[in-house]
Amino acid sequence: MRIAMFTAGAVLCCATGVPAAVITLTPVADTYVSSANPTTAQGSMATVVANNGSTTTNYRWVYLRFDVGAALAANAATFADVTGIKLTLQSVTAGALVESVYGLPAANDSWTEAALTMSNDPNKDTTVASKPVFDVTKAYSNGTTNVLATWTSRATAGSEDAFNVASGPVFDYIGADADKVLTFVIAADRNTGAGGVAWASREATSSATWPTLTLLTTPAPEPGTIGLLGTAAAGLLVRRRRTVAARA
């Protein structure tokens, strides 16, 4: 009887263990704002930059927009199928600096590459005139935190993950967004360290260096698979009954 029960569990495990699908998105828009060029839109630049420092010329933060909804629909998946999310950047001008990732709720997510500048950015905090930074109160909050992720950027140029998660605030943010067209903001705190990092944008010459959002999904079993599970379970039950009867 123990052998039959173990086998039934194995069949169920293998049948429901649908191979995960990897969906990779590049931004539909990306840019940054700069206190060094406060009235200039940076959407056509080959890099996006996040800086902080002691003067107004050193403050910049990044906007990355991804259409997660369209990507999931194109792969016959929903956000409920997502089991992992990773944001990957390619640094071209490196500098180890603590960076935070925020999410913009729909109410604060009206920017465009062609128009957004430091001067007109509705999401900037100017409470310290010499140190304009992203206003974290404009970011999505899950009720506990408005920081989706924090990491220290690499000290040398190359690929790095801003986050690679299977649960938590990133999932909360995307799950709460109705149309799944969403913006990540990368910013450094005005009072933490000094320096900056430039990452390749979607305008970079090589698409291999563009920012990517990777979704790992495990779809639900097909109806036919569920039917096979029932058949297998029924067959094992019959076998178990015959074995018990033969021993009686």
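Small disclaimer: the values here were computed from a predicted structure and weren't measured.

1. Thoughts on the overall build of the protein
Moving on, step 1. Within the protein one finds 4 helices and 13 strands.
Moving on, step 2. Residues classed as buried in the protein amount to 40% of the 248 residues present.
Moving on, step 3. Expressed as a percentage of contacts within the protein between residues at least 6 apart in sequence, the contacts between residues at least 24 apart total 82%.
Moving on, step 4. Put simply, the protein shows about 12100 Å² of open surface, and 58% of that area lies on carbon and sulfur atoms.

2. Considering the side chain of Arg60
Moving on, step 1. Locating Arg60 in the fold gives a position in strand β4 (residues 60-67).
Moving on, step 2. No salt bridge is formed by the buried Arg60. Its closest oppositely charged neighbour is Glu99, at 11 Å.
Moving on, step 3. Within the structure, Arg60 has its side chain in polar contact with the side chain of Ser34 (distance 3.3 Å).
Moving on, step 4. Excluding its chain neighbours within four sequence positions, the residues that come into contact with Arg60 are Tyr32, Val33, Ser34, Ala36, Val49, Ala50 and Asn51.

3. Quick notes on the pairing of strand β11 (residues 181-187)
Moving residue by residue along a regular strand, the side chains alternate between the two faces of the sheet.
Moving on, step 1. With respect to burial, β11 is a largely interior element, 6 of its 7 residues being buried.
Moving on, step 2. With 6 bridges connecting them, β4 and β11 associate as antiparallel partners. Bridging across to β11, Asp67 finds its partner in Val181.
Moving on, step 3. Where strand β6 (residues 98-104) and β11 come together, 5 bridges link them in antiparallel fashion. Each bridged residue has a counterpart across the sheet, and for Tyr102 the counterpart in β11 is Val185.

4. A closer look at helix α3 (residues 169-176)
Moving on, step 1. Inspection of α3 places Val170, Phe171, Tyr173 and Ile174 among the buried residues, and these make up the whole buried set. For α3, the angular spread of buried residues about the axis comes to 160 degrees, placing them on one side.
Moving on, step 2. Here the buried face of α3 lies against α2 (68-74), β5 (82-93), β6, β10 (158-165) and β11.

5. Remarks on the pattern of salt bridges
Moving on, step 1. Throughout the structure, instances matching the rule amount to 3 salt bridges.
Moving on, step 2. Taking the shortest distance from any N to any O, the salt bridge between Glu113 and Arg202 comes out at 2.9 Å. Within this pair, whereas Glu113 is found in the loop between β6 and β7 (124-125), its partner Arg202 is found in the loop between β12 (195-200) and β13 (212-217), the two being separated by 89 residues in sequence.
Moving on, step 3. On the basis of relative accessible area, Glu113 is assigned to the buried category, the value being 17%.
Moving on, step 4. For Glu203, the salt bridge is made with Arg202, and the minimal N-O distance between the two is 3.4 Å.
Moving on, step 5. Judged by relative accessible area, Glu203 falls into the partly exposed class, the value being 26%.
Moving on, step 6. Residue classification places Arg202 among the partly exposed positions, given a relative accessible area of 27%.

6. Some thoughts on the packing of aromatic side chains
Moving on, step 1. Enumeration according to the criterion identifies 8 aromatic pairs in this entry.
Moving on, step 2. Between the aromatic rings of Phe79 and Phe171, the centroid separation amounts to 5.8 Å while the plane-to-plane angle is 45 degrees, which identifies the pairing as tilted. Separated by 92 residues along the polypeptide, Phe79 in the loop between α2 and β5 and Phe171 in helix α3 bring together distant segments of the chain. There is no split in this pair, since Phe79 and Phe171 are both buried.
Moving on, step 3. With 5.9 Å between their ring centres and 70 degrees between their planes, Tyr173 and Phe184 make a pair best called edge-to-face. Here Phe184 lies in strand β11 and Tyr173 lies in helix α3, a separation of 11 residues in the sequence. Neither residue differs from the other here; Tyr173 and Phe184 are each classed as buried.

7. Looking at the environment of Ser167
Moving on, step 1. With respect to the helices and strands, the residue Ser167 is situated in the loop between β10 and α3.
Moving on, step 2. The exposed category is assigned to Ser167, whose relative accessible area is 52%.
Moving on, step 3. With 84 residues separating them along the chain, Ser167 and Thr83 place their C-alpha atoms 7.8 Å apart.

Conventions we followed
Residues numbered from 1 in each chain as written. Predicted model: local features only at pLDDT ≥ 70, side-chain atom pairs only at ≥ 80, totals over all residues. Heavy atoms only, no water. Helix = DSSP H or I, 4+ residues; strand = E, 2+ residues; numbered from the N terminus. Buried < 20%, exposed > 50% of the residue type's maximum accessible area, 1.4 Å probe, protein only. Contact = heavy atoms within 4.5 Å. Areas by Shrake-Rupley, 256 points an atom, 1.4 Å probe, with all protein chains shown as cover. Lys, Arg positive; Asp, Glu negative; His and termini not counted. Salt bridge = Lys/Arg side-chain N within 4 Å of Asp/Glu carboxyl O. Polar contact = N/O pair within 3.5 Å; in protein donor to acceptor, adjacent residues only side chain to side chain. Pairing = 2+ DSSP bridges. Arc of directions from axis to C-beta. Phe/Tyr/Trp six-rings, centres within 6.5 Å; stacked < 30°, edge-to-face > 60°.

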